[in-house]
2 protein chains.
Amino acid sequence: MKRASQTKRTTIYDLAEMAGTSASAVSAVLNGNWKKRRISAQLAEKITRLAEEQGYALNMQASVLRRERSKIVGMIVPKYDNRYFGSIVEQFEAMARERGLFPIVTCTRRDPALEIEAARAMLSYQVDCLIATGATDPDRIAEICSAAGVRAVNLDLPGSRVPSVISDNFSGALELTRRVLANCEREFGEKTPLLFVGGRGTDHNTSERVRGFRTAHAETGVAVDETLVLTCGYAPEKAESAMKSLAARVETLPRGMFVNSTISLEGVMRWIRRSGHYTDQVPLLGCFDWDPFVAMLGDHIEMIRQDVPRMLDAVFEIIESGATDAKVIQIPPIVEKIG
Amino acid sequence: MKRASQTKRTTIYDLAEMAGTSASAVSAVLNGNWKKRRISAQLAEKITRLAEEQGYALNMQASVLRRERSKIVGMIVPKYDNRYFGSIVEQFEAMARERGLFPIVTCTRRDPALEIEAARAMLSYQVDCLIATGATDPDRIAEICSAAGVRAVNLDLPGSRVPSVISDNFSGALELTRRVLANCEREFGEKTPLLFVGGRGTDHNTSERVRGFRTAHAETGVAVDETLVLTCGYAPEKAESAMKSLAARVETLPRGMFVNSTISLEGVMRWIRRSGHYTDQVPLLGCFDWDPFVAMLGDHIEMIRQDVPRMLDAVFEIIESGATDAKVIQIPPIVEKIG
DNA sequence: CTCGCTTGCTCAATCGATGAAGCAGCATTG
DNA sequence: CAATGCTGCTTCATCGATTGAGCAAGCGAG
């Protein structure tokens, strides 16, 4: 009963002809509101069976064109190369599907131009709503969306035009720094300022984390060494070269570090292993992010894990409530136990 | 000059009216074949400017509905939680965009039912072509696609109905096993059979890797211990419990292991660190997959990295050539240097 | 002056699904 | 017996972009 693969796809008109009925009856049956349209159960069953036999598949382009809502939700995301964004995307897709929405996700490689292009492409596909994750310029995206009458939500990095859901970066960084400072004091018997490495100094998350870092130092009575705050970008290569030039200009390297993502940690660790510094005593680390293998790297690494499920709950709550005010929802991250 | 965000989106009809011309002229200008349609450069420029001013965005649903080809390419992928699939998706998106195609990717969480559902959804969105990555039942997906007259390609796991691009699992596993066997001999002064853990015994990749594993043992003159071939599934929990029950039933644990993915390695490492076995001497490992932090776990881990760029080159070559024969292209994986 | 050709457009059908409006046919009610 | 209401459909316009067909104006050739 299989169609020849050459022929055009089966449409509701084909089914209507086969069933000896009209396309509109077929449509009503197949999209489930045949009760409302007063189609008899008999005809409904006949059409359903026929559709199945013929392997009928709805043409979403036609359907979306006609309807006012597309039920497509878009997300842009910077990268797929770490657990944080990976789980955001996975969770987003699952939650969208649960709600009968069709998720489309695209990765913009931290490229501002690509972000805009991707946002425009999604609007062309009539997304009902766009989630901008870790966007360089969330307000620009929000503006484009608003011009098209599409709702937008920021995730991970906040903006000022639409609602945002982010981690509580300050509290997370405060707690992480406290722990690393305490570990250093326990290990070395003296208080010592930490290194902060990774992230863009201009982004909100990084500046909040630096603030938490400073506050924890202040609490402990340790002066922050300003030459040790290296917001050099996230990429591993950038973190690596920041470490290299740090080592070139100071006489003693810091004994503890706050690394601002697993991405940056990759570069830091590479430098540590290649440079030959820290061979007698590994630095005590704190990483604002989580990865299972990092957790296995040793008992000298503390980690903060962002609470992706709760963040996405908040995102969907915003979408469903229809809220459009530019409030920022902060979700407390999780302190991962060492070992 | 911004539109009120309440109003409907601008269409070619709106632009036509503003420009005092027809919708068909606008369409021709905006989709670039105005030369062919003999529209004057003057009018073309006027329309282009207007479209820009009004923030016009093409309605893809309408466009795709009318056109023959949608230029949408779909990919389904099992998970986003490891570097291998992450880079596949990232590369796929980049290559699709380079070619003027619109990529849509969805993750099916290794759930066979979800795979089928996702494939159907993509067909509803009129994809021109579907790439089934690591699918449980690639032939089923190929069948659904063929019924809709849509091209399909398998990636990572082969099928028998459409072209497939996979790693050369046998050679990779052979080389990996050789190295771990050699490491064991060097380290312990004697030849010893390895453990194989992770993967589904029924999947092609795993069985090819087991074959490479066996061949390397045979070459070296070591008998494979059949009780040490644990194809327990990929999930960390499965690998972990396989290790646990192995430890419960043997008196001495193997000194070297072949772990069939970073995913499984996560479980194996967790067990190693929690169980308290291997405290005096860490096992020498080989992992069929790559992750930067795994590479930093120590000098006792050999890794095989699948060559994602070459795999995707092959995929797009198939798509572009229009090949439909079920040949399997094997891409040699890369041996990662230790350290 | 007329024929033929080019230029620069417009018209109208079309893609497939949707749903408001309408229309038979039958049953019930006062 | 007319009026009313219900059931079970069908008809048709519509969403926005695309494209084959067609048409008017202009121009050069004969």
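Only a predicted model underlies this, so the values are computations on that prediction, with no experimental measurement involved. Each residue is numbered by its place in its chain's sequence as written, counting from 1. Throughout, the order in which chains and ligands are written sets their labels, letters from A for the former and numbers from 1 for the latter. Given that the model is predicted, a residue must reach a pLDDT of at least 70 before its local features are reported, and side-chain atom pairs must reach 80 or more before they are shown or counted; all residues, however, enter totals for whole chains, interfaces and linings. Note that the side-chain values use all heavy atoms of the structure and ignore hydrogens as well as water.

1. Quick look at unusual backbone geometry
Phi is positive for Asp156 of chain A, which is not a glycine, with a value near 75 degrees. Secondary structure is summarised from DSSP: a helix means a run of H or I of at least four residues, a strand means a run of E of at least two, and numbering begins at the N terminus for each. As for its position among the elements, Asp156 of chain A is in the loop between strand 4 (151–155) and strand 5 (164–167). With a phi close to 155 degrees, Asp289 of chain B is a non-glycine residue in the positive phi region. Relative to the assigned elements, Asp289 of chain B resides in the loop between strand 11 (284–288) and helix 12 (292–295). Any residue under 20% of the maximum accessible area for its type is buried, any over 50% is exposed, and the rest in between are partly exposed; the area is computed with a 1.4 Å probe on protein chains only. Taking the relative accessible area as the measure of exposure, Asp289 of chain B reaches 7% and is therefore buried.

2. Considering the nonpolar core
Nine residue types can take part in a nonpolar core, namely buried Ala, Val, Leu, Ile, Met, Phe, Trp, Tyr and Cys, and a core is a set of them joined through side-chain atoms within 4.5 Å. The biggest cluster of nonpolar side chains holds 58 residues, and the ones touching the most others in it are Met75, Ile131, Leu155 and Leu312 of chain A together with Met75, Leu155 and Leu312 of chain B. Among all residues touching Leu312 of chain B, those that are not within four sequence positions of it are Met75, Ile88, Gln91, Phe92, Met95 and Leu155 of chain B. Among the nonpolar cores identified, the runner-up in size contains 54 residues, and Trp271 and Cys287 of chain A together with Leu265 and Trp271 of chain B belong to it. Should any heavy atoms of two residues lie within 4.5 Å, those residues are counted as being in contact.

3. Examining the domain arrangement of chain A
Domain delimitation in this document rests on an assignment produced automatically or drawn from a domain database. Domain boundaries assigned for chain A yield domain 1 (12–58), domain 2 (69–162) and domain 3 (169–305). Spacing between the C-alpha centres of domain 1 of chain A and domain 3 of chain A amounts to 63 Å.

4. Focus: the UniProt feature "domain: HTH lacI-type" (unreviewed entry) in chain A
UniProt positions are given in the numbering used here, feature names are shortened, and annotations may be inferred rather than shown by experiment. As annotated by UniProt and renumbered to match this structure, "domain: HTH lacI-type" (unreviewed entry) occupies residues 10–67 of chain A. The span residues 10–67 of chain A shows a helical share of 62% and a strand share of 0%, and its end C-alpha atoms are spaced 21 Å apart.

5. Description of the protein's contact with DNA strand C
With respect to spatial proximity, 26 residues lie near DNA strand C, and among them Tyr56 of chain A together with Ser22, Arg38, Ser40 and Arg66 of chain B are the closest. Here a polar contact is taken to be a pair of N or O atoms separated by no more than 3.5 Å, where protein atoms must pair a possible hydrogen donor with a possible acceptor and residues adjacent in sequence count only if both atoms sit in side chains. One of the side-chain N or O atoms of Tyr13 of chain A is found 2.8 Å from a base nitrogen in DNA strand C. Within the backbone of Ala62 of chain A, an N or O atom sits 3.2 Å from a base nitrogen of DNA strand C. For the surface near DNA strand C, the elements supplying multiple residues, two or more each, are helix 1 (12–19), helix 2 (23–30) and helix 4 (60–66) of chain A together with helix 2 (23–30) and helix 4 (60–66) of chain B. The greatest single-element share of the surface near DNA strand C, amounting to four residues, is contributed by helix 4 of chain A. Class assignment for the residues of the surface near DNA strand C results in 10 nonpolar, 11 polar and five charged. Throughout this document, a residue counts as near a molecule or strand when at least one of its heavy atoms sits within 4 Å of that molecule or strand. Three categories are distinguished: nonpolar for Ala, Val, Leu, Ile, Met, Phe, Trp, Tyr, Cys and Pro, charged for Asp, Glu, Lys and Arg, and polar for the others, with Gly belonging to the last.

6. What about the sheet that holds strand 10 (residues 256–259) of chain A?
Residues and elements named next belong to chain A. Spatial ordering of the open sheet is given by 8-6-10-11-12-14, a layout of six strands whose pairing is mixed. Strand pairing shows two members of the sheet lacking a second neighbour, strand 8 (229–230) and strand 14 (334–336), which therefore form its edges. Strand pairing is assigned whenever DSSP identifies at least 2 bridges connecting the two strands. Bridge count for strand 10 against strand 11 (residues 284–288) is four bridges, and the pairing is parallel. Bridge assignment links Val259 to a residue of strand 11, and that residue is Cys287.

7. Observations regarding the side chain of Thr133 of chain A
Locating Thr133 of chain A in the fold gives a position in strand 3 (residues 129–133). Not counting residues within four places of it along the chain, the set of residues in contact with Thr133 of chain A comprises Met75, Ile76, Val77, Pro78, Phe85, Ile88, Leu155 and Asp156 of chain A.

8. A few points about the pairing of strand 12 (residues 301–305) of chain B
Residues and elements named next belong to chain B. Most of strand 12 sits out of view: four of its five residues are buried. Inspection of the sheet shows strand 11 paired to strand 12 by four bridges, in the parallel sense. Each bridged residue has a counterpart across the sheet, and for Leu285 the counterpart in strand 12 is Ile301. Both strand 12 and strand 14 (residues 334–336) contribute to a ladder of three bridges, which runs antiparallel. Paired with Met303 across the strands is Glu336, a residue of strand 14.

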